[in-house]
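Understanding the architecture of this molecule
Residue-level listing of the chains:
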Amino acid sequence: MRFDLVVGGLTALEHANRYHLVPLTRTPLVQLHGCDPLPRWINDLGLRCRFVRRGTTRLFGRIRIESVDQCGMRFPFVRPESVGSATLWVSTLERGFFELLHHVPQSESLEHADLLLEGLPDLSPMRLRGILGIIRGVKVKRLFFWLAERHGYSWLEGISPSDYDLGRGTRSIIRDEFLCR
C-alpha cells in the first residue's frame, strides 16, 4: 500500500512477547510509527483492534522504510513479518523501545518504560549504537542511558554516553508542581 508506517513502540515489544503489563482494554491498540499519516480507512476494516499513528519525524528525522544503509540492510531497524500474502514491517526490540521512550510521559509512563527495559537483557549493542547515532531527541537518549545504567546490563559496556549529543543543561520529565520537596 506504500505507506511509510511500521508496527512499533509498545506494540512491537508486545508482539515479541516483551510486555510487562497486561492491557485492561478489550480493544487492543496497535501503534503504527512512521512519517506518513494514518490512512482514514484503517480503523473501518472491522478488525478487533484500533490503530493509532505515532510520528517518528522528531525522533529519527525523515528517514523512510525504503532507505538502505551502507551494508544494504533495510533501515532504520525494522524487520519483515509475513501476514498471509502481505509483508508487515515491525520495529526491532531496540527501535521499539526508543519509540516507546519518545512518548514518555505523554502517553507512556516512565515506570512502565523502566519495567519493560528490565525485561530486555538481550538487546544488541550494535543496533543500539546505530539507533543512538540517528536519534535526534535528547530526551530519549538521556532517558535511555539513565534507565540502562539503573539495570546495569552488559550490553551497555560498549556504549558510551559521551559519544552522543545529550544536550546541555538540566531537563525534567515531571513537571515542577508534581515534584516532592
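Above this text you will find the structure in question.
One structure accompanies this document, and this report is about it. Each chain carries its own residue numbering, running from 1 in the direction its sequence is written. This being a predicted model, a pLDDT of at least 70 is required before a residue's local features are given, and a value of 80 or more before pairs of side-chain atoms are given or counted; all residues contribute to the totals for chains, interfaces and linings. Processing note: side-chain calculations cover all non-hydrogen atoms of the structure and skip hydrogens and water entirely.

**Structural notes on the overall build of the protein**
Secondary structure counts use DSSP, requiring at least four H or I residues in a row for a helix and at least two E residues in a row for a strand, with both numbered from the N terminus. Broken down by element type, the protein carries 6 helices and 5 strands. Counting from the amino terminus, helix and strand elements in the protein follow one another as β-α-β-β-α-β-β-α-α-α-α. Scored against the burial criterion, the 181 residues of the protein give a buried share of 41%. In this description, contact between two residues means that some pair of their heavy atoms is separated by no more than 4.5 Å. In the protein, 64% of the contacts between residues at least 6 apart in sequence involve partners at least 24 apart. Of the accessible surface of the protein, which amounts to about 11200 Å², a share of 52% is contributed by carbon and sulfur atoms. With a 1.4 Å probe rolled over the protein chains alone, any residue whose accessible area is under 20% of its type maximum counts as buried; one over 50% counts as exposed, and the rest are partly exposed. Under the convention used here, a 1.4 Å probe and the Shrake-Rupley method define accessible areas, while residue burial counts only the protein chains that appear.

**Things to note about helix α5 (residues 125-134)**
Side chains of residues three or four places apart in an α-helix project in the same direction, reflecting 3.6 residues per turn. When α5 is considered as a whole, its buried residues turn out to be L128, I131, L132 and I134. One side of α5 carries all its buried residues, which in axial view fall inside an arc of 165°. Exposed residues pointing more than 90 degrees away from the buried face of α5 are listed as M126 and G133. Comment: arc refers to directions from the helix axis out to C-beta atoms.

**A short note on a nonpolar patch on the surface**
To count toward a patch, a residue needs a relative accessible area above 30% and no salt bridge. Like charges then connect within 9 Å, nonpolar side chains (Val, Leu, Ile, Met, Phe, Trp, Tyr) within 5 Å. Any Lys or Arg side-chain nitrogen located within 4 Å of an Asp or Glu carboxyl oxygen qualifies as a salt bridge. Taken together, the side chains of F3, W41, L45 and L47 make up a nonpolar region of the molecular surface, amounting to roughly 380 Å² of accessible area. Structurally, L47 can be placed in the loop between β2 (29-34) and β3 (50-55).

**Things to note about the nonpolar core**
Joining through side-chain atoms within 4.5 Å is the link that ties buried Ala, Val, Leu, Ile, Met, Phe, Trp, Tyr and Cys residues into a set, and such a set is a nonpolar core. In this structure, F97, F98, L101, L117, F144, W155 and I159 are the most contacted members of the largest nonpolar core, which totals 32 residues. Within the residue set of this core, elements represented by two or more residues are α1 (9-15), α2 (57-60), α3 (93-102), α4 (110-118), α5 and α6 (138-151). Residues within four places of F144 in sequence aside, it is in contact with F97, F98, L101, L128, L132 and W155.

**Looking at the environment of N43**
With respect to the helices and strands, N43 occurs in the loop between β2 and β3. In contact with N43, not counting residues within four places along its chain, are L38, C49, R50 and F51. Looking at N43, its side chain comes within polar contact range of the main-chain nitrogen of F51, at 2.7 Å. Here a polar contact means two N or O atoms within 3.5 Å. Within protein one must be a hydrogen donor candidate and the other an acceptor candidate, and residues neighboring in sequence count only if both atoms are side-chain atoms.

**Notes on the side chain of D114**
As for its position among the elements, D114 is in helix α4. On the basis of relative accessible area, D114 is assigned to the buried category, the value being 13%. In this view, D114 contacts L147, R150 and H151; residues no more than four positions away in its chain are not counted.

**Side note on the pattern of salt bridges**
It is possible for side chains bearing opposite charge to pair when their charged atoms get close. Throughout the structure, instances matching the rule amount to 4 salt bridges. Note that R18 and D122 form a salt bridge whose closest N and O atoms lie 2.8 Å from each other. Separated by 104 residues along the polypeptide, R18 in the loop between α1 and β2 and D122 in the loop between α4 and α5 bring together distant segments of the chain. With its nearest N and O atoms 2.7 Å apart, the salt bridge here joins D114 to R150. You can see D114 sitting in helix α4 and its partner R150 sitting in helix α6, a full 36 residues away along the chain.

**Quick look at the environment of V30**
You can see V30 is positioned in strand β2. The spacing of V30 and T11 is 19 residues in sequence and 5.8 Å in space, taken between C-alpha atoms. V30 has contacts with T11, C49, R50, F51 and V52, leaving out every residue within four places of it along the chain.

Structural measurements only, silent on function.
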